[in-house]
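Structural characterization, general
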Amino acid sequence: MSEQVTHTAPLWRWSGNSGGSWHFLTIDGAAGEALSGTALMRRMERTIGGFGSLKVSATIGETAFSTSVFPSKAEGWILPVKASVRKAEGLAEGDAVTVDLAF
């Protein structure tokens, strides 16, 4: 992992047809552009993940975790935020969340 960005965005929830829901941050602007540049290089190297995902190390507050970000044509990049992270950091839907990403 060679690049790092910091981004702040509101936490939002997506509900699926099966009744489950997931929480995400949208990574756009300069941070999204940095992710897109890395994704382009990895596509050329043929080392990008499924669905065009990028593996990242994320830190929100005191909580560090590994996950992947996923490209979205409408939203930029999407970062899933697990329940354990939301609970540890006291986060709720609509909260402005600052995340540090390394990729």
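Residues numbered from 1 in each chain as written. Predicted model: local features only at pLDDT ≥ 70, side-chain atom pairs only at ≥ 80, totals over all residues. Heavy atoms only, no water.

Before going further, it helps to spend a moment on the pairing of strand E2 (residues 12-15). Note that E2 and strand E3 (residues 21-27) share four bridges and pair antiparallel. Across the sheet, the residue bridging to Ser15 is Ser21, located in E3. Here E2 hands over to E3 after five residues, with Gly19 in that stretch at a positive phi of 95°. (Pairing = 2+ DSSP bridges. Helix = DSSP H or I, 4+ residues; strand = E, 2+ residues; numbered from the N terminus.)

Among the secondary structure elements, Ser2 is positioned in the segment before strand E1 (4-10). Ser2 sits 71 residues away from Lys73 along the chain, and the two C-alpha atoms are 25 Å apart.

In this section: the sheet that holds strand E4 (residues 54-60). Within the open sheet, the seven strands sit side by side as E1-E7-E4-E5-E6-E3-E2. Their pairing is antiparallel. Each end of this open sheet is capped by a strand with a single partner; those strands are E1 and E2. Across the sheet, the mean angle from the axis of one strand to that of its neighbour is 40°, orientation sign disregarded. Bridging between strand E5 (residues 63-72) and strand E6 (residues 76-80) involves three bridges; their strand directions are antiparallel. Residue pairing in the sheet places Pro71 in a bridge with Trp77 of E6. With respect to the sheet, helix H1 (residues 29-45) is in contact with E1, E3, E4, E5, E6 and strand E7 (96-102), its orientation differing from that of E4 by roughly 150°. (Axes fitted to C-alpha atoms, helices over the stretch in contact; angles between N-to-C directions. Contact = heavy atoms within 4.5 Å.)

Further remarks concern a nonpolar patch on the surface. Together, Leu40, Met41 and Met44 give the surface a local cluster of nonpolar side chains, amounting to about 320 Å² of exposed area. Tracing the sequence through the fold places Leu40 in helix H1. Taking relative accessible area as the criterion, Leu40 reaches 47% and is therefore assigned partly exposed. (Patch = residues over 30% accessible without salt bridge, like charges linked within 9 Å, V, L, I, M, F, W, Y side chains within 5 Å. Areas by Shrake-Rupley, 256 points an atom, 1.4 Å probe, with all protein chains shown as cover. Salt bridge = Lys/Arg side-chain N within 4 Å of Asp/Glu carboxyl O. Buried < 20%, exposed > 50% of the residue type's maximum accessible area, 1.4 Å probe, protein only.)

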